[in-house]
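Next come the chains, spelled out residue by residue.
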2 protein chains.
Amino acid sequence: MIANRQVLLKARPVGEPTTDNFEIVEKELSAPADGEVLVRTLFLSLDPYMRGRMNEGRSYAASVIVGAVMVGGTVGEVVESNAPGFAKGDFVSGFAGWQEYANLPGKTLWKLDAKAAPLSYALGVLGMPGLTAYVGLLDIAQAKAGETVVVSAASGAVGSVVGQIAKIKGCHTVGIAGGKMKCEHLVNDLGFDAWVDHRDPELFKSLKAACPKGIEVDFENVGGAVLQAIWPLMNDFGRVALCGLIAHYNDTSLSAGPSWLYMLARRLTVRGFIVSDHMDRMKDFQRDMGGWLREGKIKYREDIVDGLENAPTAFLGMLKGKNFGKLIVRVAQ
Amino acid sequence: MIANRQVLLKARPVGEPTTDNFEIVEKELSAPADGEVLVRTLFLSLDPYMRGRMNEGRSYAASVIVGAVMVGGTVGEVVESNAPGFAKGDFVSGFAGWQEYANLPGKTLWKLDAKAAPLSYALGVLGMPGLTAYVGLLDIAQAKAGETVVVSAASGAVGSVVGQIAKIKGCHTVGIAGGKMKCEHLVNDLGFDAWVDHRDPELFKSLKAACPKGIEVDFENVGGAVLQAIWPLMNDFGRVALCGLIAHYNDTSLSAGPSWLYMLARRLTVRGFIVSDHMDRMKDFQRDMGGWLREGKIKYREDIVDGLENAPTAFLGMLKGKNFGKLIVRVAQ
């Protein structure tokens, strides 16, 4: 038996969540069943989609049940294996959730090569957020060389990769982020062509100046006022890859989107997508991204918080844009 | 010189247009220039898109200039030809607009075979409205056998064809129209599986009952309350072919569309389209539609109004749903 600290969903939030929605408990964990692997969590990924799982009702994935462990992608080390193909000491990626240990079916894990890249990259640039950027930009929005690509939440785990892939593909890239530090990071470190601060009182005017030829592709992570500014700048046959709506996750009623008259007049395509529907692209993605990382074409920033007990506060901060780079909790060394 | 009656845009409407926005005048028309054909209008097509052309500003096509002839598709007879390939007595389709005669470049006309189908069909089921239905359903929305297809303005020129092609392709077809007569026509004459009256105070409930498995494809002609009822019934990976928004054409400010949170959760694709971008499909369309008409698989209803002077009133009535079938003005016998 192992003592296992867990973060549970204690109560569903109404509007903005607080630390009261979470509870930290300690439970005993038995040995892995047949086909299972006991994994000790090293890193936990914190991502905006988790806010949706805290709600009840019809979403794209099942809600977390009240009293259950919060869901989440993790990187861990095999402590004991009862599944073929895994041995003690292997590093694996999977979905253990917000806890120190988990017995996970071997089928749901994939092995990591600790020499190829830092292990935590499997939760970011080489994992689901990276794949989200890749699929959204190339498959959903079909960005082409010479087009203007706007990405909101551009310094985040997904947005920062979107901008850099778009640049590799020869696009004019405009990043929207909050605050001078993040905005300058976009241009100075990540190679974006221009930035716009979403707190700018003249948001539309600034965005227009950054997109002198209009916008062909919007990689949308935010919604709200940011989307309203982007919308009238979309060019004919523009595409919106709808990846996230972090401005709306705390809404207590469904808020309206921008006018459809524009969508008709400009022949826009808006397509909602979720990365888990596109796992068939993982192999292509890892091949391309691995190459770009080795060639130094992709820069990647992590924001690492120590200790599982700090996950709720870090998560709440992320919903307000307080993280700077991919938010990761180091659960164990 | 020929005396030519014309309907001009007299003034731009603010909100709902009235007959005061139009003016009927008579002007003299000279002989056709080199490369032109003098055509006598037989039939004028009246279509919802014309409402957009009455407005100023950025739309998908140029506005009609105040004082100019209203635009429109027409079928006519060649009176005098100064262009190769056309001779007196030929029947042609083109864009003469709301007038009795026009000198049109030969390049903008296509000849019609009066024996193959009634001439006016070139303005409807065999022309742009038919092509709109074909492209929107098959290319934009990619409707497949077994899927549920909902079409608004279902008894209109486009909607009636959408429903029938969807049925040919093996879809479950649900038409939305206004009033019992039009609704029963959908099921009794056009072969729709179910109808819903958009005036139904329990619109959502009735639509839900008509779509027991939810909706994969919405062929959207209307917007407003109809779209709001359709939206929450859309299934995962559903597609909206956004063809028209007749509920909004008189809006004096941009009205908001439905919530994007649904679009994300359900991974919907919404795509605005305009038939003139898809003329490359005309040949395929005419081959398929010609076959379906000969086989009796497509029924088609026209609402024919006599006299160019009645075009404004007929057009205003159409915007309120008063026509029953494709609205055509018989300008001359």
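Residues numbered from 1 in each chain as written. Chains lettered and ligands numbered in written order. Predicted model: local features only at pLDDT ≥ 70, side-chain atom pairs only at ≥ 80, totals over all residues.

A. Seen up close, the overall build of chain A. Across its full length, chain A carries 9 helices and 15 strands. Relative to the compact-globule value of 20 Å for 333 residues, chain A shows a C-alpha radius of gyration of 20 Å, a close match. If one aligns the C-alpha atoms of chain A with their principal axes, the spans along those axes are about 60 × 45 × 35 Å. When burial is assessed residue by residue, chain A has 51% of its 333 residues classed as buried. Within chain A, counting contacts between residues at least 6 apart in sequence, those at least 24 apart form 65% of the total. (Helix = DSSP H or I, 4+ residues; strand = E, 2+ residues; numbered from the N terminus. Rg over C-alpha atoms; globule rule 2.2 N^0.38 Å. Buried ≥ 20, exposed ≤ 12 C-beta atoms within 10 Å, placed from the backbone. Contact = placed C-beta atoms within 7 Å.)

B. Representation of the relation of the copies chain B and chain A within the structure. Under the fitted operation, chain B is carried onto chain A by 0.0 Å of movement along the axis and a turn of 180°, and the coordinates agree to an RMSD of 0.1 Å. Look at the turn and shift together and you get a two-fold axis relating the two. In this assembly, 100% of the residues forming the interface of chain B have copies in chain A that are likewise at the interface, indicating an isologous arrangement. (Least-squares fit on C-alpha atoms with pLDDT ≥ 70 in both.)

C. Examining the interface of chain B and chain A more closely. Counting residues at the interface gives 27 residues for chain B, matched by 27 residues for chain A. When residues of the side of chain B that touches chain A are traced back to their parent elements, those giving at least two are α7 (260-265) and β13 (269-272) of chain B. Of the residues forming the side of chain B that touches chain A, the biggest block, 5 residues, is contributed by α7(B). Of the residues belonging to the side of chain B that touches chain A, the class tally is 15 nonpolar, 8 polar and 4 charged. When strand β13 (residues 269-272) of chain A meets β13(B), the two strands line up antiparallel, connected through 3 bridges. When the bridges of β13(B) are listed, A:Thr269 appears paired with B:Arg271. (Nonpolar A, V, L, I, M, F, W, Y, C, P; charged D, E, K, R; others polar. Pairing = 2+ DSSP bridges.)

D. Just the domain arrangement of chain A, in detail. Residues and elements named next belong to chain A. If you check the domain split of chain A, you get domain 1 (2-123 + 301-330) and domain 2 (128-276). Contacts between the two partners involve 13 residues from domain 1 and, on the opposite side, 13 residues from domain 2. Among the residues forming the side of domain 1 that touches domain 2, the class breakdown is 5 nonpolar, 4 polar and 4 charged. (Domains from an automatic or database assignment.)

E. Representation of the packing of helix α2 (residues 128-140) of chain A against helix α3 (residues 159-168) of chain A. All names here are of chain A. Where α2 meets α3, the closest approach of the two axes is 8 Å, and the angle between their N-to-C directions is 45°. Here α3 runs oblique to α2, going by the angle between their axes. In the packing of α2 onto α3, the handedness of the crossing is right-handed. Listed contacts from α3 to Pro 129, Gly 130, Ala 133, Tyr 134, Gly 136 and Leu 137 of α2 are Val 161, Val 162, Ile 165 and Ala 166. Partitioning the contact of α2 with α3 into residue classes produces 8 nonpolar, 2 polar and no charged. (Axes fitted to C-alpha atoms, helices over the stretch in contact; angles between N-to-C directions. Parallel < 35°, antiparallel > 145°, perpendicular 65-115°, else oblique. Left-handed = near helix turned anticlockwise from the far one by under 90°.)

F. Geometry of the nonpolar core. Counting 217 residues, the largest nonpolar core has A:Leu137, A:Val329, B:Leu137, B:Ile230 and B:Val329 as its most contacted members. Those residues in contact with A:Val329 that sit more than four places away from it in its chain are A:Phe43, A:Leu44, A:Leu46, A:Val305, A:Leu308, A:Asn310, A:Ala311 and A:Ala314. (Core = buried A, V, L, I, M, F, W, Y, C linked by C-beta atoms within 7 Å.)

G. Inspection of unusual backbone geometry at higher detail. Residues and elements named next belong to chain B. A positive phi angle, close to 50°, is found at Ala 153, a residue other than glycine. Among the secondary structure elements, Ala 153 is positioned in the loop between β8 (148-152) and α3 (159-168). Notably, Arg 267 is not glycine yet its phi reads approximately 50°, a positive angle.

H. How the structure looks around the sheet that holds strand β9 (residues 172-177) of chain B. Taken in spatial order, the 12 strands of this open sheet run β10(A)-β9(A)-β8(A)-β11(A)-β12(A)-β13(A)-β13(B)-β12(B)-β11(B)-β8(B)-β9(B)-β10(B), and their pairing is mixed. The open sheet has two free edges, formed respectively by β10 (194-197) of chain A together with β10 (194-197) of chain B, since each of these has just one partner strand. Recorded for the sheet is a direction-independent mean angle of 15° between the axes of neighbouring strands. One ladder, built from 4 bridges, connects strand β12 (residues 234-242) of chain B with β13(B); its direction is parallel. Opposite B:Arg239, over in β13(B), you have B:Thr269 as the bridge partner.

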